[in-house]
Amino acid sequence: MAHPAGLLWLSRDLRLGDNPALLAAIADGPLLPVFLIDRMTRAQGAASRWRLARGLAAFDRALKERTGGRGLCVLEGEAEEIFPPLMRRLDLGRLHQSDWPTAAMRSAQGRLRAALAAEGRSLILHPGHLLVHPRAVQSGTGGTYKVFTPFARAVERTGPESPAPDAPLRIAAFADPPAGIAPAALDLAPDMRRGRAALERFALPAGETAALARLDAFLDSAASYSENRDRPDIAATSNLSEHLALGEIGPRTLWARARMHARLAPAQAAGIGKFLSEVIWREFAWHLLIAFPQMAEACWRPEWEAFPWRKDGPGLEGWKRASTGVALVDAGLREMWVTGRMHNRVRMVVASWLTKHLLTDWRAGLAHFADCLTDWDPAANAMNWQWVAGCGPDAAPYFRIFNPERQAEQFDPEGRYRRRWLAGFAGSPGPEAQAWHDSIPLSWTVPAFWRPGPAAALSTGRAAALAALAAFRSQTPED
């Protein structure tokens, strides 16, 4: 006997609001939501897998409140192996999924479509991960914008799509789901070892409810955002990046709520406007990744593949271990290791030090960030690294080399941020600095107290970067 069901492949978008794929699955019949532990999941960095497990557990709890106790079904395997026999057994024709347009997901979707098509079944993709569909925002030549400012104007002019309605308060759940792994007991990052305790200690609440509460709290204080957003020593940013990365809040919901708040609270409008420009920057990264799926592996500007970046060596290893001797750089890398997050201004300085002063390949930094960030986003991580390195679309000029001491003087003027993360920097070790030493691998030889490196490293590193650029330009004609 056929069992009508609304089969949902939940890969991201862990929310009940503005989730067209979820609504379509509910409309098809009793809901059967499935998350797969597949090759894509295992390939993620340890910190993002750890955070994903927390997001799945939060979504499972929220779903059970709507279904009377039926939550998320977690299975192990590849989509083309799991879904065809499951749909055959349940006599289902359609599988719904929120579109997550990475190259790896496109490959998995292609294999699944082929397997389903052989049986007359289909995979249906739904929007929700982006503000606007890439076809709705194209340059005058019909392609993807490669410069942010005209892209942002086009998004503003087109206007984001409206959020979909929230899921019903009562959702009919499929009565006999396959046996799976309980989300509450899910461990997607057993390889974290000593680092797990630090992440658990400094974790922000996960889930859609926490995301919406964090957004509302931020909007109420957004008047100072433009002025203080670059200050890592001041809590001025939204801290929504983890939620956006997992789709615990959708960008369309975020946009609609922010615009409404700006109308109701004019004093916050300027700060909210600047915040929404950062949301468009995320959108820009995704549109670029869709147009150039190799953005995490290859330079957007192909001539930069010939640039003589170092691939590895003691400089990269010292950078990974937050032992460069440069206070702001080391503080940022330690913050990321302990919390899974790093302030955006500090990220730029940290990336510039690796790619410019140490002349190390941006892909080595991208890989380290991908392993350590709980808010890992494949599009933003790739575009931002290429932007700093100078080889990406709308990139910062290569000769723009961040001076970490000047950046610290400007954005951490009293040293609070550096003091927080560096034991021995202008004071005794605090809990954050101690957490760093408690969580790093035992094989790392890192002194208990941080010490500055040679002062000449700033000038010699800058000179080496400019010399390498000059030599590269002499061999590579400008476009």
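Since the structure is predicted, the reported quantities are computational estimates derived from the model, not experimental observations.

Trainee: Sorry if this is basic, but what is going on with the pattern of salt bridges here?
Mentor: Close approach of charged atoms allows side chains of opposite charge to pair. A full pass over the atoms with the stated rule returns 33 salt bridges. Between Asp 230 and Arg 345 there is a salt bridge, with its nearest N and O atoms 3.4 Å apart. On the criterion of sequence distance, the pair formed by Asp 230 in the loop between helix H9 (225-228) and helix H10 (241-246) and Arg 345 in helix H15 (residues 344-357) is long-range, its members being 115 residues apart. A residue is classified by how much of its surface remains accessible, and Arg 345, at 12% relative accessible area, is buried. Connected through salt bridges with shared partners, the residues Arg 229, Asp 230, Lys 274, Glu 278 and Arg 345 form a single ionic network.

Trainee: Help me understand the pairing of strand S5 (residues 122-126) in this model?
Mentor: Along any regular strand, the residues point their side chains to alternate faces of the sheet. Pairing of strand S4 (residues 94-98) with S5, which is carried by five bridges, proceeds in the parallel orientation. Within S5, the residue paired with Arg 94 across the bridge is Ser 122. In this fold, the crossover linking S4 to S5 by way of helix H5 (residues 103-117) has right-handed handedness.

Trainee: Before we go on, may I ask you to explain the sheet that holds S4 in this structure?
Mentor: Strand order in the open sheet formed by five strands is S3-S2-S1-S4-S5, with parallel pairing between adjacent strands. Pairing within the sheet leaves two strands with one partner each, and these edge strands are strand S3 (73-76) and S5. Across this sheet, the average inter-strand angle for adjacent strands is 30 degrees, counted without regard to direction. Contacts from helix H1 (residues 20-28) reach strand S1 (6-9), strand S2 (31-37), S4 and S5 within the one sheet, and its direction differs from that of S4 by about 160 degrees. On top of the sheet, helix H4 (residues 79-90) reaches S1, S2, S3, S4 and S5; it is set at about 155 degrees to S2, its chief contact.

Trainee: How do you make sense of the nonpolar core when you look at a structure like this?
Mentor: Within soluble globular proteins, side chains that are nonpolar tend to cluster in buried spots. With 123 residues, the main nonpolar core has Trp 9, Phe 83 and Trp 319 as its most contacted residues. A total of ten residues in this core trace back to one element, the largest contributor, which is helix H12 (residues 269-291). If sequence neighbours within four positions are ignored, Trp 319 has contacts with Thr 324, Val 329, Leu 333, Val 350, Trp 353, Leu 354, Leu 358, Gly 365, His 368, Phe 369 and Trp 385. In this structure, Leu 10, Leu 14, Val 74 and Ala 167 belong to the second largest nonpolar core, which totals 23 residues.

What counts as what
Residues numbered from 1 in each chain as written. Predicted model: local features only at pLDDT ≥ 70, side-chain atom pairs only at ≥ 80, totals over all residues. Heavy atoms only, no water. Salt bridge = Lys/Arg side-chain N within 4 Å of Asp/Glu carboxyl O. Helix = DSSP H or I, 4+ residues; strand = E, 2+ residues; numbered from the N terminus. Buried < 20%, exposed > 50% of the residue type's maximum accessible area, 1.4 Å probe, protein only. Pairing = 2+ DSSP bridges. Right-handed = clockwise from strand over helix to strand, strands pointing away. Axes fitted to C-alpha atoms, helices over the stretch in contact; angles between N-to-C directions. Contact = heavy atoms within 4.5 Å. Core = buried A, V, L, I, M, F, W, Y, C linked by side-chain atoms within 4.5 Å.

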